[in-house]
Amino acid sequence: MIHIVVIIASIGAVCWADLHTEEKFGGLWRKSLERVDRPYIWVTWQLYLFSGHRFPEFMLDGLTISLNTPLGTMLQFVIAVIAGISAQVLADVCKVPSIVFLLAFGIVLGADGLDVLRPQVLGDGLEVIVSLSVALILFEGGFNLELRNINQVSGSLRNLVTIGTLITLLGGGMAAHWLGEFPWAIAFLYAALVVVTGPTVISPLLKQVKVDTRVAALLEGEGVLIDPVGAILAVVVLDVILNGDADPLLVISGLLLRLGIGGGIGAAGGLVLSYFLKRSRFLSEDLKNLVVLAGIWSLFALAQCIRDEAGLMAAVVSGLVLRASSIPEERLLRRFKSQLTILAVSVLFVLLAADLSIASLFALGRGAVFTVAVLMFVVRPINVGVCTYNSGLNWRQKLFLCWVAPRGIVSASVASLFAILLTERGISGGEAIKALVFLTILSTVFLQGLTARYVARLLGITSEEATGAVIVGSNPLSRLMARLLMEQGESAALIDTDLKACREAELQGLTAIASSALDAAVLARAGLGQAGSFLAMTNNGEVNLVLAQKAAEEFRPPRVLVTVPKDSAGAIPAESSVNQGSVKVAFLPLVPLKVWNRYIGDRDVRLGETSFRGEVLPQQTAHLRILIEDGKVLPLLIGRDRRVQIASTADEWKGGDRLIYLYHSPKTKLIKRLGGAGTQSDLVLERIADVENLPTVEEELSPPPPPPPSAPQLAPKPEPKPEPKLERNGVSPDPTAEPEPEAIAD
């Protein structure tokens, strides 16, 4: 009771101080949080800790006593879900890997923090949650693998999963034994646990750090495929420790047997699921998603019943088979599984981190730190160097692969389960192994995960550096765009279903594919996997938006643009809503595509180039906007930092930028005849006076003169009727007399 009085008195002191320093009561808690260094807050916390109790024990005594009841178990799970989702939201706002906040939240809520979350209360349920969640995570990783990108690095990936696993096992085991002073058996168990990298960390990291396609494919493939291999390898090593049988033949056979059983069950189950989904037209989309979820866990449970840890391989292989089967509504299934995976990762990391003892980390000593350092800075570079030899990767790409190898949920979950098993068998080292694995996770995630973006930029391997474009639609304007990109040193490929339009592009020396851009294989053949830009430029705005969304989801190029023809303006979302996502609107909010194609065909255009100067940037921008609104100028490309990219409505022009544009310059028929039959290749970049000459202040302020009427619109001027002459002095005028000068003037 005295502790409650102390806390209430301290809170009263905080409120009194804030009320006397703030006029408004609304700023009470905000100001309290901003001034966390105030002495009375520190004194309050010290009194609370000095009491020797934890928050749940003196505030909710009844709840603490009843943690083993269904209500207590439910509250533990709800706390884990709330903490995990909060960490995900915070990570998304801060643009950092979510595992950073998940680990932090788990440690703060665990036994060494507020002691609100106690995973041991879940009992055997924790192991069930871990197993089913890991199976779901591995399936989602296999289902999201881009197989066409994997084919580009298949040799290096095969080496990383096989030879690389052996190198990490040997190097990590020797480091743990010689530096961490672990027995050989425990040292190799640790090495087997940290062989894996994991899609739970790699995939969110690559979404934030846009790197080269080959590097991303290699990291994702390694994270997905090496997880079941590493987990099964750890089980085999654990069997050797528990049973004392170290026969190499039995070790290798046990590993291959589990991989074979899991792979066979996963492949067969994936084929059955894909066949069912393709034929079950009577099922709604929601039920199809749930059928897949039930199928995954069924395959996992079947493989686990036959052989321990074979279910992990079954989950990965079933995901790969389903992805290769091109099932209907794949996008909805992928979204559903992604949401479930985020929930599973959030709950697992918070629960496992809450069960971690900070004291066990410090008890490892400096030898454990050296062990992790050798694993990161010695073993990983050797691994990458050997496995990517003669792979075609440059030294920058290999250096990034050496740097990025964060460990994830599989290492943490398997280590936690192994610690329990070793402790139950009376074998020492279980808690130490768990602490060392978590130290490895913390070190790799915080050091590599938080710096990966800066390292990628420093090495110049971000996908933003990717060049080239894939353009859907072969029309005069798109062919001109492709030619301009090629003249700037970038590659360009056109895709169109019109065979005649493709032949016309080929006659101009352009790469054209006569096929449908809805086919992912066609997009891959056009080079979208390595291209920096995708532009959908057909005459149908709805088709353009569908193509752009498909390209963004499946290939994830750095820039995805879509043209919005005026004819289909009302059929697609507004420009602002399109620009909020990964798809941007190209050129103008509404492009009169048919009009500009006619201008190009009639040779009524000139190709202009202008540079933005910082001192007159506002005047240049305003002048260009007027010309664009008048339909005289159509922006095409923007050059910035020695690179060019397709102009977008989301771009902000800056000083030093270079703009390439089309200028409408109508010509008379006589000039066109004298010029002969010209082509697009006759267009050369030039400085156009109408764009370069900025209007003066007087010209801007004065209203524009009204346009003169054209000749055919002139109406004949009616002849004035002769007015009757008035009599002068009563005498009527003589009709034969000559008119007066005024009459002649009239």
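Keep in mind that what you see is a predicted model, and the values were worked out from it rather than measured.

Turning our eyes to something else, we now look at the overall build of the protein. The number of helices and strands found in the protein is 33 helices and 10 strands. Counting the 746 residues in the protein, one finds 48% classified as buried. Partitioning the contacts of the protein with sequence separation of at least 6, the portion at a separation of at least 24 is 75%. Carbon and sulfur atoms form 62% of the exposed surface of the protein, whose accessible area is close to 37,300 Å².

So, about the sheet that holds strand 2 (residues 492-496). Taken in spatial order, the six strands line up as 3-2-1-4-5-6 in an open sheet, and their pairing is parallel. Strands with a single pairing partner mark the edges of an open sheet, and in this sheet they are strand 3 (511-514) and strand 6 (583-585). Looking at each pair of strands side by side, their axes are set apart by 20° on average, direction ignored. As paired elements, strand 1 (residues 469-472) and strand 2 share four bridges and run parallel to each other. What sits directly across from I471, in strand 2, is L494. Sitting on the sheet, helix 23 (residues 476-487) touches strand 1 and strand 2, and the angle it makes with strand 2 is about 160°. The strands that helix 26 (residues 541-554) touches are strand 1, strand 4 (533-536), strand 5 (559-562) and strand 6; relative to strand 5, the one it contacts most, it runs at about 170°.

Most of strand 2 sits inside the fold, with five of its five residues counted as buried. The alternating pattern of strand 2 places A492, L494 and D496 and A493 and I495 on opposite faces, both of which are buried. Handedness of the crossover joining strand 1 and strand 2 through helix 23 is recorded here as right-handed. Two strands pair when backbone bridges link them, and strand 2 and strand 3 are joined in this way by four bridges, in the parallel orientation.

Once that is clear, we can look at the nonpolar core. One finds Y190, L193 and F400 to be the most contacted residues of the largest nonpolar core, which totals 126 residues. Among the elements that line this core, the one with the most residues is helix 13 (residues 213-243), at 17 residues. When sequence neighbours within four positions are dropped, the list of residues in contact with F400 reads V211, V215, L219, A452, V455, A456, L459 and I461. L535, L561, L588 and V605 belong to the second largest nonpolar core, which has 49 residues in total.

Turning to the pattern of salt bridges, a few remarks are in order. Scanning all chains against the criterion turns up 12 salt bridges. A salt bridge links R556 to E220, with the nearest nitrogen and oxygen atoms 3.6 Å apart. Residue R556 is located in the loop between helix 26 and strand 5, and its partner E220 is located in helix 13; the two are separated by 336 residues in the primary sequence. Residue classification places R556 among the partly exposed residues on the basis of a relative accessible area of 36%. With its nearest N and O atoms 2.5 Å apart, the salt bridge here joins E487 to R483. Here R483 and E487 lie together in helix 23, a separation of four residues that amounts to about one turn. Residue classification places E487 among the partly exposed residues on the basis of a relative accessible area of 49%. By relative accessible area, R483 is classed as buried at 11%.

Further remarks concern helix 6 (residues 70-94). With 25 residues, helix 6 extends 36 Å from end C-alpha to end C-alpha; this agrees with the ideal 36 Å at 1.5 Å per step. Every buried residue of helix 6 is accounted for by G72, Q76, A80, A83, G84, A87, Q88 and A91. Turning to helix 6, the residues buried within the fold contact helix 7 (98-109), helix 12 (199-208) and helix 17 (330-354).

For the coordinates displayed, the defined rule picks out six aromatic pairs. An angle of 80° between the planes, with centres 5.3 Å apart, marks the rings of W596 and Y599 as edge-to-face. With a gap of three residues between them, W596 and Y599 both fall in helix 28 (residues 593-601), about one helical turn apart. Accessibility assignment for this pair places W596 and Y599 in one class, buried. R625 extends its terminal NZ or CZ atom over the ring of W653, reaching a point 4.2 Å from the ring centre.

A cluster of nonpolar side chains, namely L166, L170, M174, W178, L179, W184, V369 and F370, defines an oily patch on the protein surface of about 790 Å² accessible area. Elements with a minimum of two residues in the nonpolar patch: helix 10 (154-178) and helix 19 (366-387). Counting residues per element, the nonpolar patch draws most heavily on helix 10, at four residues. Tracing the backbone shows L170 in helix 10.

Moving on: the environment of D308. Within the secondary structure, D308 is located in the loop between helix 15 (285-306) and helix 16 (310-324). A relative accessible area of 48% places D308 in the partly exposed class. Sequence-wise, D308 and V236 are 72 residues apart; in three dimensions their C-alpha atoms are separated by 9.7 Å.

We now examine the pairing of strand 4. Burial of the side chains of strand 4 extends over both faces: S533 and L535 are buried on one face and F534 and A536 on the other. Of the pairings in the sheet, the one linking strand 1 to strand 4 comprises four bridges and is parallel in character. Looking across to strand 4, one finds that I471 is bridged to L535. Note that strand 4 and strand 5 share four bridges and pair parallel. Counted as the bridge partner of L535 is L561 from strand 5.

The N-to-C vectors of helix 7 and helix 22 (residues 430-459) enclose an angle of 140°; their axes lie 9 Å apart at closest approach. With respect to each other, helix 7 and helix 22 are oriented oblique. Crossing of helix 7 over helix 22 shows left-handed handedness. Contacts from I99, V100 and L103 in helix 7 reach F438, I441, L442, V445, F446 and L450 in helix 22. Of the residues in the contact of helix 7 with helix 22, the class split is nine nonpolar, no polar and no charged.

Time to look at unusual backbone geometry. The phi dihedral of N390 is positive, around 60°, even though this residue is not glycine. Within the secondary structure, N390 is located in the loop between helix 19 and helix 20 (395-403). Note on N390: relative accessible area 68%, which makes it exposed. Even without glycine at this site, R556 takes up a positive phi of about 50°.

By secondary structure assignment, the location of R613 is in the loop between strand 7 (605-611) and helix 29 (617-629). A C-alpha to C-alpha distance of 8.1 Å links R613 and K654, two positions 41 residues apart in sequence. Dropping the residues within four chain positions of it, R613 is found in contact with Q620, E692 and L694.

Spatially, the four strands line up as an open sheet ordered 7-10-8-9, and their pairing is antiparallel. Among the strands making up the open sheet, the edge pair consists of strand 7 and strand 9 (643-646). On average, each strand axis in the sheet is tilted by 25° relative to the strand beside it, whichever way the strands run. Contacts from helix 28 reach strand 7, strand 8 (633-640) and strand 10 (658-664) within the one sheet, and its direction differs from that of strand 10 by about 80°.

Before going further, it helps to spend a moment on the side chain of S156. Position of S156 relative to the elements: it lies in helix 10. When neighbours within four sequence positions are excluded, S156 is seen to be in contact with L218, C387, T388 and S391.

Reading guide: rules and limits
Residues numbered from 1 in each chain as written. Predicted model: local features only at pLDDT ≥ 70, side-chain atom pairs only at ≥ 80, totals over all residues. Heavy atoms only, no water. Helix = DSSP H or I, 4+ residues; strand = E, 2+ residues; numbered from the N terminus. Buried < 20%, exposed > 50% of the residue type's maximum accessible area, 1.4 Å probe, protein only. Contact = heavy atoms within 4.5 Å. Areas by Shrake-Rupley, 256 points an atom, 1.4 Å probe, with all protein chains shown as cover. Pairing = 2+ DSSP bridges. Axes fitted to C-alpha atoms, helices over the stretch in contact; angles between N-to-C directions. Right-handed = clockwise from strand over helix to strand, strands pointing away. Core = buried A, V, L, I, M, F, W, Y, C linked by side-chain atoms within 4.5 Å. Salt bridge = Lys/Arg side-chain N within 4 Å of Asp/Glu carboxyl O. Expected span 1.5 Å × (residues − 1). Phe/Tyr/Trp six-rings, centres within 6.5 Å; stacked < 30°, edge-to-face > 60°. Lys NZ or Arg CZ within 6 Å of the ring centre and 35° of its normal. Patch = residues over 30% accessible without salt bridge, like charges linked within 9 Å, V, L, I, M, F, W, Y side chains within 5 Å. Parallel < 35°, antiparallel > 145°, perpendicular 65-115°, else oblique. Left-handed = near helix turned anticlockwise from the far one by under 90°. Nonpolar A, V, L, I, M, F, W, Y, C, P; charged D, E, K, R; others polar.

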